[in-house]
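Inside the fold
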Amino acid sequence: MVMFGVIIPGLGLVVLEKMPIMYNTGDWFVLRPTTYRKFDLYPPEWPLDLDLEYMTVACAPYGGPVAVTRDPNKIVPVKGTAKPVIRIFDTAGQELGKIWWNHGRLISMGWSDTEELICVQEDALVFIYDMFGNEKESYCIGQEASETKILDAKIFQSSAGTGIAVMTTKHRIFLKHTSSKDFRSRLLPEIPKSLTNCTCWEIVTEDRNSYCLLGREREVIKLFPGESVGSVIRNLFDKPFERIILMSVSYNHQNLALYTNNGIVWMGSIDMKQKYCEFDTGRKDIPKQIEWIMNVDNDQSEAIVIAYPSFLLVVNRNGDKNLFTYDPAIFLVAEMDGVRILTNTTHEMIQKLPKCVQNIFAINSQEPSSFLFEAQKKYQERSHQADEYLSLFRDRMQVAVDECIEAAGYEFCTTTQKSLMKTAYFGKGFIPSHNPDEYIRMLRILRVLNALRHPRIAVPLTIKQFLYLKPEIILARLVFRKHYAIAIQVAKHLKLPESWILEHWAYHKVMNDKNDIEVARKITEKFKNPSVEGISFCNIAEKAHAAGRDELAIKLLELEPRTSLQVPLLLKLGKYNRAVQSATQSGDTELVATVLLEIKKKMMLTNFHMIIREYPMALNIYKKIMNEWSRTALYDIYNTEDDHKSIAEYHFRNALESNSLESNLSTIANSYTQGRRNIEAELCSDTSKLMKLQKTLNNKYSSIYGNVTFLGLSIHETIEKLLDLGEFKEAEKIKNDFKVPDRRFWWLRILNLSSKYKWDELEKFAKGKKSPIGYEPFVEVCLKQNNLTEARKYILKCRDDRKTHWYIRAELYEEAVDTAFEQRDINSLYVIQQKANSLGNRQLLDKIITYIAMLSSKK
């Protein structure tokens, strides 16, 4: 137990107990002036037949999968087949998949940023697998690389994605980015000529450029794209050595470490203009790996980890070191905030101690967060010292709470996490109007991180990695690993959409469960409310179709409420009848039209017609389309349906457009007759008869009257023209032949005679027969021609109750007054009175007043 004293105003010197050495501080070590820590993640449970000492190991960052294969350079007894095998594990040692290597000599393997295993073989062929060992694609780096063979290959990360660099036997280096659709690789400049070969090399990325650093004897060669030959950097070391045998670039590509044959380490900036230190390890054996430890609090790096066959050496920029002993199999994994260490029995991490953690747990720490942590402990113990600790930093309580919350995120130990979050909860009670958002956010993140770190999931992410990857990417990785239950819980916990996770689960069911009914039932249970959840049954049905399970695809499509998504797959499945049915039920005319045109391309016309006849909406839309696009197709559908009315209209339209109506009228009439359209058939016969008559009239009267034509006129216009020509008998004959009503004929005759001022003939015509239209039309045509004399004759023949009206229309007011009086029509007298007032006819006004008085008295 550590004791210390502080002076508190009003109390003087108070001796307080400081917390014991606990909470994982035993894993801390100091490389002056910085503190680091090495802690366990969880021990891996490798299969009994796996010994990493004899293996080549490729570990993916961010707690990703591990690929192992036998190292061909090590002698080891082989059990079973000697065929190379790549085994893929998660970080807890659970086997995910196997790749039986049936290709050429494997040179190198590594992981992409999307957790795909990239394998490069000697002939420059690249094979890409998923983490379960399923081959996804393959391609060649280039013809030249393939012909000259490959010595070594590097898988590296850049801003443009994952890249592959290969060194050929002629010491030429080619670069290729896996995300690029262009399969051509980029050739770096030539290496300056020398009698000795390069002993080590690394790829560096700077913005969007990637270049190569090579170690050869006592010099470093830089191959930058665009240059003709590489540049040489010498005189980096002060101490003597023979050659550089190993180099390492930091995770952020800002720092470089060089290791010589006599154990000297050079550490400096990537451009080699700044040297941090030159350290003599005193070791003669060759290290297996060198990796930089990236800082947790920023993107800098101040120390490296050197892995020898049986121990680790950690060296910082100041040349301070620390040793750790291990079994012979040690593999380092560079992370963005530290270095992971993988062995046969352990899985650990070295990282710079986060500042907030150091502030809380360091011995004799005077930081507010440390006091708050101790105050909370004393409060739990019901000790009065809790208040004494609080009095030391009350004005900095917000800083203390925030630091405890932040420190909880950096801890892997759940007990420590709980202690820190309890401390933060205790402290925020002393802050007025405290915003709990960050506290709640950290609780959510910690629950997710702890779930991911469980050996069954085996994704040991730090909080910095979690925030960098984003929850969406982490969810995608969980789904790809088929951890659907935990993925859904994480999505719910972080308030993220979960529908796509359920869709992926459904894809898995479709691909692996062979019982169609059971699969459909399980999917339906999970997707109880697809419209709200945003689930698309069509996407799942598409997968089922791709897997050759069309019956399951149809069952799933029946569950899809959105017709616009359902129909395209029905067409792809060849279920044309269902596609038309679904489209018509949706009421979407554009969708129906699209379906019809698509089906028409793929079916025999008779079968197509049989389908659409069952759906009136589809049939009508098809007719409308064909009416604009193809009249022949329209005739075919009419003919198939025995729609004689539409056939007649089809012929009629064609005849009008081709000016061949007369020759087609019999065909049109016949179609109307077959369609039991007797009125239309009769009209066709009459039209044919009229056209023949008009030809006769045209021939007959054109010779008499010169330039006159009857062609194309209606019956009404034909009669009117004959009357104009004075051919009354011919007009009357046509009237009788075509059963033109007497009323219409009399009107035509009256209009014709009045327009030609033939008043005598008009009077003779009126006296010839009793007018079927009365005599008011005679009055009207006379008034139209301003002939009041003739109008008087016909007004006398009008009905008594209408005479007054026509006298007023003719402005014969004297006769109108007398007639109105005789008819006892007092209303008409009032109308005439208004007219007389406007005319100022005093005599007529007196007469009207007298008549009105007489009629009024008789009432």
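Heads up: the structure comes first, above all this text.
Cut-offs used in this document
- Residues numbered from 1 in each chain as written.
- Predicted model: local features only at pLDDT ≥ 70, side-chain atom pairs only at ≥ 80, totals over all residues.
- Heavy atoms only, no water.
- Helix = DSSP H or I, 4+ residues; strand = E, 2+ residues; numbered from the N terminus.
- Buried < 20%, exposed > 50% of the residue type's maximum accessible area, 1.4 Å probe, protein only.
- Contact = heavy atoms within 4.5 Å.
- Areas by Shrake-Rupley, 256 points an atom, 1.4 Å probe, with all protein chains shown as cover.
- Phe/Tyr/Trp six-rings, centres within 6.5 Å; stacked < 30°, edge-to-face > 60°.
- Salt bridge = Lys/Arg side-chain N within 4 Å of Asp/Glu carboxyl O.
- Pairing = 2+ DSSP bridges.
- Axes fitted to C-alpha atoms, helices over the stretch in contact; angles between N-to-C directions.
- Parallel < 35°, antiparallel > 145°, perpendicular 65-115°, else oblique.
- Left-handed = near helix turned anticlockwise from the far one by under 90°.
- Nonpolar A, V, L, I, M, F, W, Y, C, P; charged D, E, K, R; others polar.
- Polar contact = N/O pair within 3.5 Å; in protein donor to acceptor, adjacent residues only side chain to side chain.
- 1 Å grid on protein atoms, 1.4 Å probe; cavity = no way out; pocket = protein on both sides within 12 Å on 5 of 7 lines; lining within 4 Å.
- Points joined across faces, edges and corners; volume = space filled by probe spheres on them.
- Arc of directions from axis to C-beta.
- Core = buried A, V, L, I, M, F, W, Y, C linked by side-chain atoms within 4.5 Å.

If you tally the helices and strands in the protein chain, you get 34 helices and 31 strands. For the protein chain, buried positions account for 50% of its 859 residues. Summarising the internal contacts of the protein chain: among those between residues at least 6 apart in sequence, 49% fall at separations of at least 24. For the protein chain, the accessible area works out to roughly 42,700 Å², and carbon and sulfur atoms hold 50% of it.

On to the packing of aromatic side chains. Applying the stated criterion across every chain, the model contains 24 aromatic pairs. Pairing Trp101 with Phe127 gives two aromatic rings, centres 5.7 Å apart and planes at 85 degrees, and the pair type is edge-to-face. With Trp101 in the loop between β8 (95–100) and β9 (106–111) and Phe127 in strand β11 (residues 125–129), the pair connects residues that are 26 residues apart, well separated along the chain. Of the two residues, Trp101 and Phe127, both sit in the buried class. Centre to centre, the rings of Tyr211 and Phe224 are 5.4 Å apart; their planes meet at 40 degrees, and the pair counts as tilted. On the criterion of sequence distance, the pair formed by Tyr211 in strand β18 (residues 209–216) and Phe224 in the loop between β19 (219–223) and β20 (231–233) is long-range, its members being 13 residues apart. With relative accessibility at 1%, the residue Tyr211 sits in the buried group. An aromatic cluster is built from Trp746, Tyr775, Phe778 and Tyr794, whose rings are joined through pairwise contacts.

We now examine the pattern of salt bridges. Considering all chains together, one arrives at 32 salt bridges under this definition. A salt bridge links Glu381 to Lys378, with the shortest nitrogen-to-oxygen separation between them at 3.7 Å. Residue classification places Lys378 among the buried positions, given a relative accessible area of 7%. Linked through salt bridges whose partners overlap, the residues forming this network are Glu763, Lys767, Glu790 and Lys793.

Attention now moves to the pairing of strand β21 (residues 244–249). Within a regular strand, the side chains alternate between the two sheet faces. Counting buried positions over the six residues of β21 gives six, a clear majority of the element. Judged from the five bridges that link them, β21 and strand β22 (residues 255–260) form a sheet pairing that is antiparallel. Bridged to Met247 within β22 is Leu258. Where β21 hands over to β22, the hairpin turn is made up of five residues, of which His253 adopts a positive phi near 60 degrees.

Before going further, it helps to examine the packing of helix α25 (residues 715–725) against helix α26 (residues 728–737). Orientation of α25 relative to α26, taken along the N-to-C sense of each, is 160 degrees, at an axis distance of 8 Å. Relative to α26, the element α25 is oriented roughly antiparallel. When the axes of α25 and α26 are compared, the crossing they make is left-handed. Counting all contacts with α25, which are made through Thr718, Ile719, Leu722 and Leu723, the residues of α26 involved are Phe728, Glu730, Ala731, Ile734 and Lys735. In the contact of α25 with α26, the residues fall into six nonpolar, one polar and two charged.

Next up on the list: the sheet that holds β11. Within the open sheet, the four strands sit side by side as β9-β10-β11-β12. Their pairing is antiparallel. Two strands in the sheet have a free side with no partner beyond their single neighbour: β9 and β12 (135–140). Across the sheet, the axes of successive neighbouring strands diverge by a mean angle of 20 degrees, strand direction being ignored. Across four bridges, the pairing between strand β10 (residues 117–121) and β11 is antiparallel. Looking across to β11, one finds that Val120 is bridged to Val126.

It is worth spelling out the side chain of Ser112 at this point. Within the element layout of this structure, Ser112 appears in the loop between β9 and β10. The exposure class of Ser112 is buried, given its relative accessible area of 5%. At 3.0 Å, the side chain of Ser112 and the side chain of Thr114 are in polar contact. Apart from the residues lying within four places of it in its own chain, the contact partners of Ser112 are Ile118, Gln157 and Thr162.

Moving on, we come to empty space enclosed by the protein. A full pass over the atoms with the stated rule returns one cavity of 30 Å³ or more. Approximately 40 Å³ is the volume attributed to the largest cavity. Lining the largest cavity we find Tyr62, Leu452, Val459, Leu461, Leu469, Ile474, Arg477, Leu478 and Arg481. The leading source of residues in the lining of the largest cavity is helix α9 (residues 471–480), at three residues.

A few words on the sheet that holds strand β5 (residues 55–59). Where strands meet in a sheet, backbone hydrogen bonds hold them as pairs that are either parallel or antiparallel. Strand order in the open sheet made by the four strands is β5-β6-β7-β8, with antiparallel pairing throughout. Because the sheet does not close on itself, it has two edges, and the strands there are β5 and β8. Between one strand axis and the next, the sheet turns through 20 degrees on average, direction left out of account. Bridge analysis of strand β6 (residues 66–70) against strand β7 (residues 85–89) gives three bridges, and the strand direction is antiparallel. Within β7, the position partnered with Ala67 by the bridge is Ile88.

Right, let's get into helix α12 (residues 516–526). Three or more residues of α12 are buried, namely Val519, Ala520 and Ile523. Seen from one end, α12 has its buried residues packed into an arc of 95 degrees, which puts them on one side.

Once that is clear, we can look at the side chain of Ser754. Position of Ser754 among the secondary structure elements: in helix α27 (residues 742–755). On the basis of relative accessible area, Ser754 is assigned to the buried category, the value being 3%. Within polar-contact distance, the side chain of Ser754 engages the backbone oxygen of Leu751 at 3.1 Å. Ignoring anything within four residues of it in the chain, the contact list for Ser754 reads Trp759, Val781 and Gln785.

Below, the discussion takes up helix α31 (residues 800–809). The set of residues buried in α31 consists of Lys803, Thr804, Trp806, Tyr807 and Ile808. Considering only its buried residues, α31 is in contact with α29 (776–784), α30 (788–795), α32 (813–822) and α33 (826–839). Glu811 lies just past α31 and shows a positive phi near 60 degrees.

Take the pairing of strand β27 (residues 311–316) next. Burial analysis of β27 places six of its six residues in the buried class, the great majority of the element. Burial along β27 is two-sided: the residues Phe311, Leu313 and Val315 and Leu312, Val314 and Asn316 are all buried. Where strand β26 (residues 301–307) meets β27, five bridges bridge the pair, whose relative direction is antiparallel. Note on β27: the bridge partner recorded for Ile304 is Val315. Between β26 and β27, which follow one another and run antiparallel, lie three residues. Pairing of β27 with strand β28 (residues 321–325), which is carried by five bridges, proceeds in the antiparallel orientation.

Grouped together as the largest cluster of nonpolar side chains are 96 residues, with contacts concentrated most on Leu372, Ile523 and Val595. Among the elements that take part in this core, helix α5 (residues 397–410) stands out by supplying eight residues, more than any other. For Ile523, the residues in contact, after removing those within four places along its chain, are Trp505, Ala506, Val510, Phe537, Ile540 and Leu556. One finds Ile795, Trp806, Ala816 and Leu844 within the second-largest nonpolar core, a separate group that totals 38 residues.

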